[in-house]
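Descriptive analysis of the structure
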Amino acid sequence: MATSASVKQILGDLNKDSFVTLLGKLIGESKYVQNNPPELIPEEDRIVNHVLDTLLPYSTTTGGGPLIINHVTYKPNRGNLIVEYPGTQPGKILSFVGMHMDVVTANPDDWEFDPFSLSIDGDKLRGRGTTDCLGHVALVSELMRRLGETKPQLKSTVVAVFIASEENSSIPGVGVDALVKDGLLDKLKQGPLFWIDTADKQPCIGTGGSIPWKLHVTGKLFHSGLPHKAINPLELAMEALKEIQSRFYRDFPAHPKEQVYEFATPSTMKPTQWFYPGGGINQIPGECTVSGDVRLTPFYNVSDAMNKLQEYVDDLNANIEKLDGRGPVSKYVLPDENLRGRITISFDEASSGVACDLNSRGFHVLCKATKEEVGHVKPYSITGTLPLIRDLQDEGFDVQTSGYGLMATYHAKNEYCLLSDMCQGYRVFASVIAQLED
């Protein structure tokens, strides 16, 4: 049986030429895997086909090697790929999951280089998907290829799950949600699951929940030269939102565990968009809508936060005349007309955050591997969302997360990753596999 040291020696370093060649093919498909329905529906099988070209020669499908490959498709041209390198000890398993084969949109007119073809600038590998997440697809493909090629005798089964439909959930039943529902990932619960879709080479141990909200405010439209006859919904929205935010931060203050998990921020509730129906500059509008989101650390319950926001709005409506005005004639009630300003709140689909298990063996081996190969380990948490991994955690998976792209270029124009970072990521994977042999 292979020892920890020999596993690392067998797996060696990332084959840079092979990796860059594969990544070039994947980025060349990125235009066709942009995920923004209904206009842009990705065809992830374009990516699957390149990964299969890399791995089939080392698979049981062709008789060329030990890799067991399962191409699972729920929608036409939108496949997932499960690749398994069998170990010798039943029930001993680790997995790399979350390398998704869709990307966010890119407008070539806004970029300094073509987003849909790989270009190389020194250590930079440039193009849409290099960081998120086609770079990881290529990286884990190379890891599985090396396992299939070198055939080390491992106790652990190593599984890679390349998934469809991560960037947009408006079309359900395509990706990891369907794989879990069908029980195709059940055996991964027996060992650590490493979700490879974060950045900056450090373990990401916490993410935030997200509650998208809309605050619709109704006033009374009138000429701006006669403001005493209007209920100004813009002013009402500003005052109401100020009060709602104040109450939110009172009820959801910084949580003690946020320090343990190194969260960059506590829970927040803020506006990000403002809409009104239009009209002249001399017209106080009759309504407006303010939209935004709550980012909630995983130590608070999303349903509790939504209920609280509704409570705040109900109370403000009952006491609308008590809100501060904005000047001597600013008011939110017109008694002579029996009119009151009104606020309603609605929510789009919410998701919960994740706090990874810091006592997990998977967490400890990831930290040790990171320290060995990157030179330091500093786990971090952010209130960005990864709703799919919360779903996995709720299903009983031991989820740990990491990634080797760059946070600074995530979903950004001029996206790139560094080849040197991907090389370190490969060695981290090898170290994780090796450690779990002991």
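Residues numbered from 1 in each chain as written. Predicted model: local features only at pLDDT ≥ 70, side-chain atom pairs only at ≥ 80, totals over all residues. Heavy atoms only, no water.

This part takes up the overall build of the protein chain. In terms of helices and strands, the protein chain carries 11 helices and 20 strands. Sorting the 438 residues of the protein chain into buried and exposed places 53% on the buried side. Here the contacts in the protein chain between residues at least 6 apart in sequence split such that 80% fall between residues at least 24 apart. Of the roughly 18500 Å² that the protein chain leaves accessible, carbon and sulfur atoms contribute 49%. Placing the 41 positive and 55 negative side-chain charges of the protein chain at their respective mean positions leaves the two points 3 Å apart. (Helix = DSSP H or I, 4+ residues; strand = E, 2+ residues; numbered from the N terminus. Buried < 20%, exposed > 50% of the residue type's maximum accessible area, 1.4 Å probe, protein only. Contact = heavy atoms within 4.5 Å. Areas by Shrake-Rupley, 256 points an atom, 1.4 Å probe, with all protein chains shown as cover. Lys, Arg positive; Asp, Glu negative; His and termini not counted. Charge placed at Lys NZ, Arg CZ, Asp CG, Glu CD.)

With that settled, consider the pattern of salt bridges. In this structure the tally under the stated criterion is 24 salt bridges. With a closest N to O distance of 3.2 Å, Arg145 and Glu149 form a salt bridge. Of this pair, Arg145 and Glu149 both sit in helix α4 (residues 134-150), four residues apart, which is roughly one turn of the helix. With a shortest N-O distance of 2.9 Å, Asp293 and Arg295 are connected by a salt bridge. Here the salt bridges do not stand alone but share partners, grouping Lys8, Asp13, Glu372, Glu373 and Arg427 into one network. (Salt bridge = Lys/Arg side-chain N within 4 Å of Asp/Glu carboxyl O.)

This part covers the sheet that holds strand β5 (residues 124-126). Strand order in the open sheet made by the three strands is β4-β5-β20, with antiparallel pairing throughout. This sheet does not close on itself; its edge strands, each paired only once, are β4 (119-121) and β20 (416-418). Across this sheet, the average inter-strand angle for adjacent strands is 25°, counted without regard to direction. Bridging between β4 and β5 involves three bridges; their strand directions are antiparallel. Along β5, the bridge assignment pairs Ser119 with Arg126. In the packing of helix α11 (residues 419-435) onto the sheet, contacts are made with β5 and β20, and the angle to β20 comes to roughly 60°. (Pairing = 2+ DSSP bridges. Axes fitted to C-alpha atoms, helices over the stretch in contact; angles between N-to-C directions.)

Residues Asp177, Asp186, Asp391 and Glu395 make up a contiguous surface patch of negative charge. With respect to the helices and strands, Asp186 occurs in the loop between α5 (176-181) and β7 (192-196). (Patch = residues over 30% accessible without salt bridge, like charges linked within 9 Å, V, L, I, M, F, W, Y side chains within 5 Å.)

With 12 residues, helix α2 (residues 16-27) extends 16 Å between its outermost C-alpha atoms, agreeing within 8% with the 16 Å of an ideal straight helix rising 1.5 Å per residue. Within α2 the residues assigned to the buried category are Phe19, Val20, Leu22, Leu23, Leu26 and Ile27. Taken end-on, α2 shows its buried residues confined to a sector of 165°, consistent with a single buried face. Contact partners of the buried residues in α2: α3 (45-55), β4, β5, α4 and α11. Backbone nitrogen of Asp17 and a side-chain oxygen of the N-cap are separated by 3.3 Å at the start of α2; the cap is Asn15. (Expected span 1.5 Å × (residues − 1). Arc of directions from axis to C-beta. Polar contact = N/O pair within 3.5 Å; in protein donor to acceptor, adjacent residues only side chain to side chain.)

According to the stated counting rule, one finds nine aromatic pairs in the structure shown. Within the aromatic cluster, the residues linked to one another by ring pairs are Phe96, Phe194, Tyr404 and Phe429. One cation-aromatic arrangement involves Lys124 over Tyr416; the distance from NZ or CZ to the ring centre is 4.6 Å. Over the ring of Phe113 we find Arg126, and its NZ or CZ is 4.2 Å from the ring centre. (Phe/Tyr/Trp six-rings, centres within 6.5 Å; stacked < 30°, edge-to-face > 60°. Lys NZ or Arg CZ within 6 Å of the ring centre and 35° of its normal.)

Under the UniProt annotation, the feature "domain: Peptidase M20 dimerisation" (unreviewed entry) is placed at residues 205-319. Secondary structure content for residues 205-319 is 36% helix and 30% strand, while the C-alpha to C-alpha distance between its ends is 42 Å. (UniProt positions renumbered as here; feature names shortened; annotations may be inferred.)

Turning our eyes to something else, we now look at the nonpolar core. Counting residues in each nonpolar core, the largest one holds 57 residues, and the members touching the most others are Phe19, Phe96, Met144, Phe162 and Ile433. Of all the elements, α11 adds the most residues to this core, at 10 residues. Residues within four places of Phe96 in sequence aside, it is in contact with Val140, Leu143, Val158, Val159, Ala160, Val161, Phe194, Ile196, Phe429 and Ile433. Counting 31 residues, the second-largest nonpolar core is a separate cluster that includes Leu215, Met269, Leu316 and Val333. (Core = buried A, V, L, I, M, F, W, Y, C linked by side-chain atoms within 4.5 Å.)

This brings us to the packing of α2 against α11. Close contact between α2 and α11 brings their axes to 12 Å; oriented N to C, the two are set at 115°. The orientation of α2 relative to α11 falls into the category roughly perpendicular. For α2 against α11, the interelement crossing comes out right-handed. Of the residues in α11, those touching α2 at Lys16, Phe19 and Val20 are Leu419, Met422 and Cys423. Here the contact of α2 with α11 is built from residues that sort into five nonpolar, no polar and one charged. (Parallel < 35°, antiparallel > 145°, perpendicular 65-115°, else oblique. Left-handed = near helix turned anticlockwise from the far one by under 90°. Nonpolar A, V, L, I, M, F, W, Y, C, P; charged D, E, K, R; others polar.)

This next bit is on a nonpolar patch on the surface. A surface patch of nonpolar side chains, amounting to about 310 Å² of accessible area, comprises Met238, Trp274 and Tyr276. Relative to the elements of secondary structure, Met238 occurs in helix α6 (residues 233-251). The exposure class of Met238 is partly exposed, given its relative accessible area of 32%.

Let us look at the pairing of strand β13 (residues 287-296). In terms of burial, β13 is largely enclosed, as eight of its 10 residues are buried. One ladder, built from 10 bridges, connects strand β9 (residues 209-218) with β13; its direction is antiparallel. Looking at β13, one finds that Leu215 is bridged to Val290. For strand β11 (residues 268-275) and β13, the ladder comprises seven bridges, and the chain directions are antiparallel. By the bridge assignment for β13, Gln273 is matched with Ser291.

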